[in-house]
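Breakdown of the fold
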Amino acid sequence: MTLLSEPKQEKAVGVKRRGRSFKPRYPTWLALPALVYEVIFFLGALGILVAFSFATQTGFSQITYGFSLDQYKAVFDPLYLSIFFRTLMMAAIGTILTVMVGYPVAYWMARYLSTYKLLAVLLIMVPFWTSFLIRTYALKIILDSQGFLAKTFGLDIMYTPIAVGIGLVYNYLPLFVLPVFGSLERMDWTLIEAATDLTARPLRAFWDITFRLTLPGIVTGALLVFIPMTGEYVIPAILSGGKYEFVGNLIGDTFNTAQNPPFGSALAIMLMVALSVFVVIYIAVATKEERFGA
Amino acid sequence: MPRVSRAKAGFSVWAGVVFVFLYLPIAVMALFAFNKPSEAALVGFQGTDWCALPPDKIGNVSVWNGFTTCWFSAGLHDPSYVPAIITSAEIAALAAIIATCLGLCAALALARMKTKIRAPFDVLVYLTLVVPEIVVAVASLIFFVQLRNHVPFFPQLGFWTILIGQVVFNASLAMLVIRARFVGMGDTLEEAAYDLGSGPVSTFRQVTFPRLMPAIVASALLSFTFSFDDYVLPAFTNGTTNTWPIVLYSAVRFGITPAVNALATIMLALTAVAVIAVALVLRRSRSRTTSAPDAVGSSLGGMIGF
C-alpha cells in the first residue's frame, strides 16, 4: 500500500507545482471550425447577395456582374417604398401591442406567482415550441370569414391588416414575455415596499422603480420581436391572403415568380439597411431614456 | 392591502385572457382534426371513407360539420405528409448535432479569450442571429447555386443545402447558450482538478463536460426545434425536397384537409412531452446559473449595449 501510493503522491505534488501558474484555458483553434463555417456560409452568401444587387440581368437567368445602381434606383419606386413603410409600421405596431399585452403577464408571473411560476413559464413556452405554421393556420381557422369568430360575433377580419397584427402578436408574444419575465425576476420587491412605506402611491412606485429597473429587459425584448417581425414572411402571406405583403414577401416573389434575382438582392440589402437604421434610432432613444432614469 | 389584492386580481384576469388567447386557436385546431366534411361536399361522394375526399372537394374546413376520427388515419397514410415529417426530423437531428459540436468548441475557446480578440467573432455570431431570415434565405439560394456551378462536389439544392443553411443560425445559438453557462459556472473546479493532477483532457471529460451538459442538451433541443419548424430558409434552398413546414405551407395556402390538423395534434402531444423534459433540464441548469431563454435574452441584450 505505502509503496504504491508513495510515488503517486510525489507525482501529484509535482503536477501541482507546475499547475500553479495555470489558468484553465482552451486552445484558440477550437473556435476555427465554427469561424470558418460562418465566414463561408454566412458572409460568403451575403457577399454574393451584395454582388448580385450590383449586377444586371441580361436575359433569362443570365447575370452580368458589374457596378450598376439600377436595381437600387428601382427600389425607390413609390410602390416599393410604400411596402417598406408598411412593413416597418406593422412591425412597430406589432411590437408595441406585444409589449402592452405581454408586460402585464410577465409582471403577474414574477410578482404574484410562486408555486405555479414554473408552470406559467411552461405554458408560455408550449405554443412557442409548436410549429409556427400550425399556429398561424390555427389562427386562420378562428379568424375565417365563415368561422367561429365571424359567425358568433360578426367579426370578419380575415385578410385585413388587423388579422396580420393579431398574427404577429400571437406568434411573437412568448419571445417577449420570457426575457422580460427574466428581468422582472431579478427585481427586488422590497424597494416597492420601501417606496409605499414612504407614502408613494402604487402607480408612482411602479413607474419610478419597477418600470425603470426593467426597462433594459423591455427594450431587449421589444428588439427581439421587432427584428423578426420586420423580416416576416409567413404571417402576411397566410393571414392577409397576399393583400398586405411585407418586404419579405416581395423579396420572395422576385425569386419565385418574377425570376429577377438582382432586384430581389437589392431589396434584401435595403431591408437590412432600413432595419439597421430603425434599430440604431431605437437604441439611441431607448438608452437616452434610460440615462434619464438613472 | 385590499388595493394590493385588487391589483393582483386585475393582473390575474389579464393573464387569464392572454392564456386563452394563446391556447384557444390551438385548441380549436385540435378540435377540427375531428371535423366531418360538410354535407354539400359529401353529396356526390360514393366511397365509405369520408376522409378520402380530395382537398379541392372538401369545402371550407373552418366550419364545424360533425364528428369523425378518420382524419388521423388519412393523415398517417398520406403519401406526402409522413415522409416530409421524417425528412424534417432527419435534417433537424443532423443540424442539432453539428451545430452543438461547432457551438461547444467555439464556446470553450472564446469564453476565456481577451475581449478584443473575441469581438469580431462575436459580431459575426450576432449578425447571423439578427439578419432577417428571408435575407439569409435568398442569399443562401444564390450562393448554393453558384457553388454548385463552380465547385464540383457541392450538392445540388435539396436535403444537404437545407442542412448547411440551417447550421449557420443554430451554431450561433448553441454557442451563446453553452458559453453563457460556461462563463456562469466559473473556473474554480477546473483549477482544482488541475491542482489535483488531472490533465487537460481528463479535466474536460470529468469536470467541464458534465457540468456543461444541461446547456448542451438545451442547445441541441433548441436547434432541433428551430430547424424542424423552419419554413423560410428551406423554402428557398430545398430544390425538390419537401420538409414538413413546406408541405404545411402549400396546404394552408392551396387547399388543406383536417388530416393536417390530425397530424399537428399528434405532434403537439409529442411536443408537450418533449417540453416537459426540456423544462426539467432547464430547471437543473437554472438552479445553478441561468436558464437558456434567459441566457439568450441577456446575451442579445449584452450585444446591443445593455
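About the cut-offs
Residues numbered from 1 in each chain as written. Chains lettered and ligands numbered in written order. Predicted model: local features only at pLDDT ≥ 70, side-chain atom pairs only at ≥ 80, totals over all residues. Contact = placed C-beta atoms within 7 Å. Helix = DSSP H or I, 4+ residues; strand = E, 2+ residues; numbered from the N terminus. Nonpolar A, V, L, I, M, F, W, Y, C, P; charged D, E, K, R; others polar. Axes fitted to C-alpha atoms, helices over the stretch in contact; angles between N-to-C directions. Parallel < 35°, antiparallel > 145°, perpendicular 65-115°, else oblique. Left-handed = near helix turned anticlockwise from the far one by under 90°. pLDDT = per-residue confidence, 0-100. Domains from an automatic or database assignment. Buried ≥ 20, exposed ≤ 12 C-beta atoms within 10 Å, placed from the backbone.

This paragraph deals with the interface of chain A and chain B. Between chain A and chain B, the contact holds 85 residues from the first and 82 residues from the second. The biggest single contributor to the side of chain A that touches chain B is helix H2 (residues 32–53) of chain A, with 13 residues. Of the residues belonging to the side of chain A that touches chain B, the class tally is 62 nonpolar, 16 polar and 7 charged.

What follows deals with the packing of helix H5 (residues 115–130) of chain B against helix H7 (residues 159–184) of chain B. All names here are of chain B. Viewed as axis vectors pointing N to C, H5 and H7 meet at an angle of 125°, and their least axial separation amounts to 9 Å. On the basis of their axis angle, the class for H5 and H7 is oblique. The handedness of the crossing between H5 and H7 comes out as left-handed. Packed against H5, whose contacting residues are Val 125, Thr 128 and Leu 129, the element H7 presents Val 168, Phe 169, Ser 172, Leu 173, Met 175 and Leu 176 at the interface.

Right, let's get into the confidence of the model for chain B. Residues and elements named next belong to chain B. Averaged over all residues, the pLDDT of chain B equals 85, while 90% of them reach at least 70. Highest mean pLDDT in chain B belongs to helix H10 (residues 232–237) (96); lowest belongs to helix H13 (residues 292–303) (41). Here residues 289–306 is a poorly scored stretch, pLDDT under 50, and it has 40 contacts once near neighbours within four places are set aside; other chains count. The complex prediction reports pTM at 0.85, with the ipTM value standing at 0.85.

The next subject is the domain arrangement of chain A. All names here are of chain A. Per the domain assignment, the segments of chain A are domain 1 (26–68) and domain 2 (70–293). The interface is formed by 10 residues belonging to domain 1 together with 10 residues belonging to domain 2. At the level of secondary structure, the elements contributing two or more residues to the side of domain 1 that touches domain 2 comprise H2 and strand E1 (56–57). Top element by residues in the side of domain 1 that touches domain 2 is H2. It accounts for 4 residues.

Okay, the environment of Ala 27 of chain B next. All names here are of chain B. Mapped onto the fold, Ala 27 is located in helix H1 (residues 2–31). Look at Ala 27 and you get exposed, because 12 C-beta atoms sit within 10 Å. Taking C-alpha positions, Ala 27 is 9.2 Å from Thr 265, a pair spaced 238 residues apart along the chain.

The next subject is unusual backbone geometry. Residues and elements named next belong to chain A. Here Tyr 159, not a glycine, exhibits a phi torsion of approximately 60°, which is positive. Relative to the helices and strands, Tyr 159 resides in the loop between helix H7 (148–153) and helix H8 (161–185). On the basis of neighbour counts, which here come to 19 C-beta atoms within 10 Å, the residue Tyr 159 falls in the partly exposed class. Positive phi, close to 65°, is recorded for Thr 199, a residue that is not glycine.

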